[in-house]
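The primary structure of each chain is shown beneath.
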Amino acid sequence: MNITQTFYDSMATHYDKLFQDWQATTREQAVVLDRLIREQGMDTNASLLDCACGIGTQAIGLAGIGYNVTASDLSAGELAEARKRAAQNNVSIRFKRADFCALSETFPKRFEVIICMDNALPHMLTHSDLEAALRSIVGQLAPGGLFIASIRDYDALLQTKPPYSPPYIHQTGKGQRVSFQTWAWQEETYRLTQYIIEDEESLTISKFDCEYRAIRRQELTELLFAQGCTRVEWRRPEETGFYQPIVVAVK
């Protein structure tokens, strides 16, 4: 098991603690994604794959507003959590365990929309790894299909290479919860340590480690064109309301 799988398997039952209100976040992000999809002339009738679904933050929100959602992830732990949360939200989603670098091995059909949100692509630690992932993802799109992904604003972050992220402080019914990350840089890759501190009836500290590569927007744009996309556009957070830059690509 690699560090990415270990990270997400370990985080599965803690991931929602990164949000003040995870349930509200699923609805808010579904609105953002629905708007982007409809801008391209599609709607809830489109077949949609969330190829890095995690605990279902986007997949559950989209299913809740009527999308035909299939969801996959490399982490068995996160898939188990996503299935549980889908049932709690009374939505129907087809879940599969799959590596987004090899989607055709799991899915015989192509999709009209594929999403890959929350900085999943930067787990590809080399240019060739990223190229393979995009070849797999774009290859699983139907002609005219739409790919939507989000990454951190690495163009800005690479200028300063900050050693940590600002903390999120969430008030809870029993106290407060603080989450933050430290980043140990080595050229364009960094080791991320996620801390979650729960200061409620007792003090609990959780720690999770993973690795990322800072992907510039130009690199991702060029690779998407190379894999057969005919149009690639970037949308900024101030435009979409989403917390990361979003790339919108049409095959």
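Residues numbered from 1 in each chain as written. Predicted model: local features only at pLDDT ≥ 70, side-chain atom pairs only at ≥ 80, totals over all residues. Heavy atoms only, no water.

A. Representation of the sheet that holds strand S2 (residues 68-73). Reading across the sheet, the seven strands line up as S3-S2-S1-S4-S5-S11-S10 and stay open at both edges, with mixed pairing between neighbours. Looking along the sheet, the strands with just one partner apiece sit at the ends: strand S3 (94-97) and strand S10 (231-235). When the angles between neighbouring strand axes are averaged without regard to direction, this sheet yields 20°. As paired elements, strand S1 (residues 47-50) and S2 share four bridges and run parallel to each other. If you follow Leu-48 over to S2, its bridge partner there is Val-69. (Pairing = 2+ DSSP bridges. Helix = DSSP H or I, 4+ residues; strand = E, 2+ residues; numbered from the N terminus. Axes fitted to C-alpha atoms, helices over the stretch in contact; angles between N-to-C directions.)

B. Geometry of the sheet that holds strand S6 (residues 168-172). Taken in spatial order, the four strands make up an open sheet running S6-S7-S8-S9, and their pairing is antiparallel. What marks the edges here is a single partner per strand, and that holds for S6 and strand S9 (203-213). The sheet shows a mean angle of 15° between the axes of neighbouring strands, taken without regard to direction. Here five bridges tie S6 to strand S7 (residues 175-186), and the two strands are oriented antiparallel to one another.

C. Representation of the packing of aromatic side chains. Enumeration over the complete set of coordinates arrives at 10 aromatic pairs. With a centroid separation of 4.8 Å and 45° between ring planes, the pair formed by Phe-242 and Tyr-243 is classed as tilted. Judged by relative accessible area, Tyr-243 falls into the partly exposed class, the value being 48%. Taken together, Tyr-154, Trp-183, Trp-185, Tyr-190 and Tyr-212 form an aromatic cluster joined through their ring pairs. The ring of Trp-22 has Arg-85 sitting right over it, with the charged end atom 4.5 Å from the ring centre. (Phe/Tyr/Trp six-rings, centres within 6.5 Å; stacked < 30°, edge-to-face > 60°. Buried < 20%, exposed > 50% of the residue type's maximum accessible area, 1.4 Å probe, protein only. Lys NZ or Arg CZ within 6 Å of the ring centre and 35° of its normal.)

D. Seen up close, the layout of surface pockets. Its boundaries defined by the atoms lining it, the largest pocket holds a volume of some 840 Å³. In this structure, the largest pocket is lined by 32 residues; those nearest its centre are Phe-19, Arg-152, Tyr-168, Tyr-243 and Gln-244. Breaking the lining of the largest pocket down by element, the ones donating at least two residues are helix H1 (3-11), helix H2 (22-39), S6 and S7. Residue composition of the lining of the largest pocket, grouped by class: 17 nonpolar, 11 polar and four charged. Lining the second largest pocket are 27 residues, and of these Thr-4, Tyr-8, Leu-74, Phe-100 and His-123 lie nearest its centre. (1 Å grid on protein atoms, 1.4 Å probe; cavity = no way out; pocket = protein on both sides within 12 Å on 5 of 7 lines; lining within 4 Å. Points joined across faces, edges and corners; volume = space filled by probe spheres on them. Nonpolar A, V, L, I, M, F, W, Y, C, P; charged D, E, K, R; others polar.)

Geometry only, nothing functional implied.
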